[in-house]
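What follows is the residue order along each chain.
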Amino acid sequence: MPNFQDINNYLQILKDINLAVSRNFNIIDSSKAALSILQESWGIISGAVFISDNEGKTLTMAASVGYKKNVAKTKYKIGEGLTGRIAETGKPIIVPQVSKEPLFLNRMSSWDAEKNTEQSFIGTPIILDFQSLGTLVISTHYNAKRDYSADLNFLTIIASALLQPIRVQQVVDRERRKLLDENVILKHKLQDEFSFNKIIGNSHSMKDVLSQISNVAKTSATVLLRGESGTGKELFAEAIHYNSNRQNGPFIPVNCAAIPENLVESEFFGYEKGAFTGADKLKKGRFELADNGTIFLDEVGDLSPMTQVKLLRVLQEREFTRVGGTESIKVDVRIITATNSNLEDLIEKNKFREDLFYRLNVFTIFLPSLRERKSDITLLADHFMLKYCRKHQKTVNRISSPAIDMLMQYHWPGNVRELENCIERAILVCGERVIHSYHLPPSLQTAESSNTTTSLSLKNAVISYEKELIKDTLKSTRGNISKTARLLRSSERIIGYKIANYKIKVSKYRNTNTKDI
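Numbering of residues begins from 1 in every chain and follows the order in which that chain's sequence is written. Totals for whole chains, interfaces and linings use every residue, but because this is a predicted model, local features are given only for residues with pLDDT of at least 70 and side-chain atom pairs only at 80 or more, for both listing and counting. The side-chain numbers reported here are obtained from all heavy atoms of the structure, hydrogens and water having been left aside.

**Let's talk about the overall build of the chain**
Secondary structure elements are taken from DSSP: a helix is a run of H or I of four residues or more, a strand is a run of E of two residues or more, and numbering for both begins at the N terminus. Counting its regular elements, the chain contains 21 helices and 17 strands. For the chain, whose C-alpha radius of gyration is 38 Å, the value lies well above the compact-globule estimate of 24 Å for 517 residues. A principal-axis box enclosing the C-alpha atoms of the chain has dimensions of 115 × 70 × 40 Å. Each residue gets one of three labels from its accessible area relative to the maximum for its type: buried under 20%, exposed over 50%, partly exposed in between, using a 1.4 Å probe on protein chains only. For the chain, buried positions account for 44% of its 517 residues. Restricting the calculation to C-alpha atoms gives the radius of gyration, and the globule rule supplies 2.2 Å times the number of residues raised to the power 0.38.

Okay, here's the thing in structure tokens:
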């Protein structure tokens, strides 16, 4: 039975270990501290803490003390040797004389057989909820009179003290794996969302644009996107980035027109702590945030002359200085710019630097307006219809032919952005399964905005609406006149008369897919 002094010594060791573990929940640091205390205060020759991997197949070294060689990369399979057997069975093992134990592998060279100095081995599992999370093993000098059972009980208490940092490490590892998995999924979604196949358009002009983007995406060349407002310049910039070798880097969009002139420099290049009133900490600029990725400068034609000078240096040297700083910061960043302005006119008016223009004009892509790619309007309209049906939880199956005709006749000054807003509005006001012409915004229904003929008389307007209604119902019934009459709550004779009067070809609806009409 241990004397009073031994008990005090045990209690002091436990106190020191608990303090060391509570200060730091990092499993490596906590295990190292506990083993060092055991070496200094309890006289162990060597010791190690092993942690089980997530699959429960391998024990990996967390920390060690007292070994003559580097054992940091030592691993045991579950069930291998004494250490692996402890983790497998969840039971401690005591070996008073290691020379007589065949399972003692001496992988870490803790015992020197040539010196003929006997050692003892004590190992205990680190268990939580009947699950082995790892092992704590030590080697001590052999003593025939030693109370190994008492030593094992003491070591078991120490192993339980290591549970908290191991649990913290498991939570951290689990969250890290979760974040990594989510990051991979997000990257795949982004790559899928911005793949060239997701860009809608079959027109000749769009095929030409996609060909140019495909050629330049894999390079690091500076790209200038030119086109009217609403043509999707940011979408194409994202497509270039996510199909490039920088796809794992950041994509930083900057709207140059939205940043006040006095803040442009600090937004682009960041500022040092104390650079001006309110700069209470260092802030990285957009160029620094885009390092190893892509920065997209939209509306670059609206930059002030002073900002153009500073941007020119970044384009030339790929380096800049934060506001209030003296150190030059180098970045590896791809630059994509966009504008709806006529830069050549701005150069003539001395509002845009000619040398900056030539720096930006490395690979220019002209994006066509929507009126130049009218064959894509129906594709885009169907895409936006499905998109906003999902968003607003509405059930709309198609767009009627008269509505499509109206979309095709309109001149779309706001381009794709205006078409998207138009279809979203139609989805919101539509209480049916079909978008009709009267669901479209008033701007599309006026003669001035759609470049159509002057307004109809009341009689002709009623005839036009009645004709559209009959046509649309015939599509739904696939040319069945009697069913069309029932749906319109009229007689078959009247509907037949109106079909003949309006010269509607019923056969057109009988053998054709309604989606194609």
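What follows continues from the structure just given.
**Topic: the sheet that holds strand β3 (residues 75–77)**
Each pair of strands is called paired provided DSSP finds at least two bridges between the two strands. Taken together, six strands build an open sheet; the order of strands is β3-β2-β1-β6-β5-β4 and the sheet is antiparallel. Strands with a single pairing partner mark the edges of an open sheet, and in this sheet they are β3 and β4 (93–95). Neighbour-to-neighbour, the strand axes of the sheet open up by a mean angle of 20°, direction not taken into account. By definition, residues are in contact when any of their heavy atoms lie within 4.5 Å. Convention adopted: a line fitted to C-alpha atoms gives each axis, helices being fitted over their contacting stretch, and angles between N-to-C directions are expressed from 0 to 180 degrees. Strands β4, β5 (119–128) and β6 (131–141) of the sheet are contacted by helix α4 (residues 148–161), whose axis makes an angle of about 40° with β5.

**A short note on helix α2 (residues 27–41)**
Working note: α-helix, 3.6 residues per turn, so residues spaced by three or four point in the same direction. Working rule for helices: expected span equals 1.5 Å times residues minus one. The end-to-end C-alpha distance of α2, which contains 15 residues, comes to 21 Å, matching closely the 21 Å that a straight helix rising 1.5 Å per residue would cover. Among the residues of α2, Ile 27, Ser 30, Ser 31, Ala 34, Leu 35, Ile 37 and Leu 38 are the ones counted as buried. Projected down its long axis, α2 carries its buried residues within an arc of 155°, all on one side. This arc is built from the directions going out from the helix axis to the C-beta atoms.

**Points about the packing of aromatic side chains**
Only Phe, Tyr and Trp rings are paired, with Trp represented by its six-membered ring, and only when their centres lie within 6.5 Å; those with planes under 30 degrees apart are stacked, over 60 edge-to-face, the remainder tilted. All chains considered together, the criterion is met by 15 aromatic pairs. Ring geometry for Phe 251 and Phe 296: centres 6.3 Å apart, planes at 20°, overall stacked. Residue Phe 251 is found in strand β8 (residues 251–255), and its partner Phe 296 is found in strand β11 (residues 294–298); the two are separated by 45 residues along the sequence. In terms of burial, Phe 251 and Phe 296 fall into one category: buried. Three or more aromatic residues link up through ring pairs in this structure, and these residues are Phe 268, Phe 269, Phe 287 and Phe 320. Note that Arg 146 overlies the ring of Trp 42, its terminal NZ or CZ placed 5.7 Å from the centroid. Counted as over-ring charges are cases with an Arg CZ or a Lys NZ within 6 Å of the ring centre that also lie within 35 degrees of the ring normal.

**Describing the confidence of the model for the chain**
Confidence scores here are pLDDT values: one per residue, from the predictor, ranging 0 to 100. Averaged over the chain, the pLDDT score is 86; the fraction of residues at 70 or greater is 92%. Within the model, pLDDT remains below 50 along residues 448–452, and this stretch shows 12 contacts once partners closer than five positions in the same chain are excluded.

**Some details on the environment of Arg 373**
Tracing the sequence through the fold places Arg 373 in the loop between β15 (363–366) and α13 (377–392). Here Arg 373 falls in the buried class, since its relative accessible area comes to 5%. Residue contacts for Arg 373: discarding those within four places in its chain leaves Ile 200, Gly 201, Ser 203, Ser 205, Met 206, Pro 368, Leu 380 and Val 416.

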